[in-house]
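Here are the chains, one letter per residue:
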Amino acid sequence: MKHLIALSAALALTAAPAFAETCQYTKQKTAHQVEAELVKGEWTKMDIVDTAAEAGQFETLLAAATAAGLVDALKGDGPLTVFAPTDEAFAALPDGTVETLLLPENKDQLAGILKLHVIAGSKVTSDQLAGQTLTVDTLNGEVAIDGTNGVMVNDATVVKADIMASNGVIHVIDKVLLPSS
């Protein structure tokens, strides 16, 4: 019995540093989990614009946001939910559409299109949309969201959800949302 107690004590002393490290990790992890309770996913300290730039598939969206004068708003405090069309989604528009929208005289029309992709005041995540069919207000009208079989926003499919930014969440979509009128 003495040998068993001595062996247990030796193992405990040997494992103490690893246990302390695990406790510290758990303590740090818990602090991050508290923040992430509202939104699932990995948080970043970068805002929506910087997160989108780092992803490398939103160059057209970022150029459009710049041309429309919306970059500062997307870098603001938020919270925002952004349905972000990829470069491929913009390329699927009829020939010349993007180039025309980027012209200074079309700034208001471009801003209207981009605002249709943004929900202000909320970080809407895929788990909140799962199984739901609803209509939500964007900065430029309503969009229909169908989360019953994946997630659709109007006729666009969310191909990647819950990309967390410091001021909101990005959902990648495969089509550019266009106003109904």
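- In the nomenclature of an unreviewed UniProt entry, the protein chain corresponds to Fasciclin from the organism Hyphomonas atlantica.

### Observations concerning empty space enclosed by the protein
Logical step 1: Applying the stated criterion across every chain yields a total of one cavity of 30 Å³ or more.
Logical step 2: Taken as a whole, the largest cavity encloses approximately 30 Å³ of empty space.
Logical step 3: As for the largest cavity, its lining consists of Thr60, Ala64, Phe90, Val98, Leu101, Leu102 and Leu110.
Logical step 4: When contributions to the lining of the largest cavity are tallied by element, the ones reaching two or more residues are α3 (59-67) and α6 (97-101).
Logical step 5: Counted by class, the lining of the largest cavity contains six nonpolar, one polar and no charged residues.

### Describing the sheet that holds strand β6 (residues 156-165)
Logical step 1: Pairing in this open sheet of seven strands is mixed, and the strands run β2-β1-β7-β6-β5-β4-β3 from one edge to the other. Two strands in the sheet have a free side with no partner beyond their single neighbour: β2 (118-120) and β3 (133-138).
Logical step 2: As judged from the two bridges shared by strand β4 (residues 141-146) and strand β5 (residues 152-153), these two strands associate in the antiparallel manner. Across the sheet, residue aspartate 146 finds its bridge partner in β5, namely methionine 152.
Logical step 3: Most of the contacts of helix α2 (residues 48-55) go to strand β7 (residues 168-173), to which it runs at about 40 degrees, and overall it touches β1 (80-85), β6 and β7.

### Digging into the pairing of β1
Side-chain direction in a regular strand flips from residue to residue, so the side chains alternate between the two faces of the sheet.
Logical step 1: Taking burial as the measure, the six residues of β1 include six buried ones, the bulk of the element.
Logical step 2: Burial along β1 is two-sided: the face carrying Leu80, Val82 and Ala84 and the face carrying Thr81, Phe83 and Pro85 are both buried.
Logical step 3: Pairing of β1 with β2 involves three bridges; the strand directions are antiparallel. Within β2, the position partnered with valine 82 by the bridge is valine 118.
Logical step 4: As defined by bridge partners, β1 adjoins β7 across six bridges and the pair is classed as parallel. Directly across from leucine 80, in β7, lies its bridge partner glycine 168.

### What about unusual backbone geometry?
Logical step 1: Note that the residue after glycine 78, namely proline 79, is joined by a cis bond; omega there is 5 degrees.
Logical step 2: With respect to the helices and strands, the residue proline 79 is situated in the loop between α4 (71-75) and β1.
Logical step 3: The phi angle at asparagine 154 is positive, at roughly 55 degrees, despite the residue not being glycine.
Logical step 4: Looking at asparagine 154, the relative accessible area reads 34%, which means it is partly exposed.
Logical step 5: Phi at aspartate 162 is positive, roughly 60 degrees, even though this residue is not glycine.
Logical step 6: By the secondary structure assignment, aspartate 162 is in strand β6.

### Digging into the packing of α3 against helix α7 (residues 107-115)
Logical step 1: Remark: α3 packs on α7, axes separated minimally by 9 Å, with the N-to-C direction vectors making an angle of 130 degrees. Accordingly, the angle class assigned to the pair α3 and α7 is oblique. Remark: the crossing between α3 and α7 carries left-handed chirality. Taking contact as the criterion, the partners of Leu61, Ala64, Ala65 and Ala67 in α3 are, on α7, Lys107, Leu110 and Leu114.
Logical step 2: Here the contact of α3 with α7 is built from residues that sort into six nonpolar, no polar and one charged.

Reading guide: rules and limits
Residues numbered from 1 in each chain as written. Predicted model: local features only at pLDDT ≥ 70, side-chain atom pairs only at ≥ 80, totals over all residues. Heavy atoms only, no water. 1 Å grid on protein atoms, 1.4 Å probe; cavity = no way out; pocket = protein on both sides within 12 Å on 5 of 7 lines; lining within 4 Å. Points joined across faces, edges and corners; volume = space filled by probe spheres on them. Helix = DSSP H or I, 4+ residues; strand = E, 2+ residues; numbered from the N terminus. Nonpolar A, V, L, I, M, F, W, Y, C, P; charged D, E, K, R; others polar. Pairing = 2+ DSSP bridges. Contact = heavy atoms within 4.5 Å. Axes fitted to C-alpha atoms, helices over the stretch in contact; angles between N-to-C directions. Buried < 20%, exposed > 50% of the residue type's maximum accessible area, 1.4 Å probe, protein only. Parallel < 35°, antiparallel > 145°, perpendicular 65-115°, else oblique. Left-handed = near helix turned anticlockwise from the far one by under 90°.

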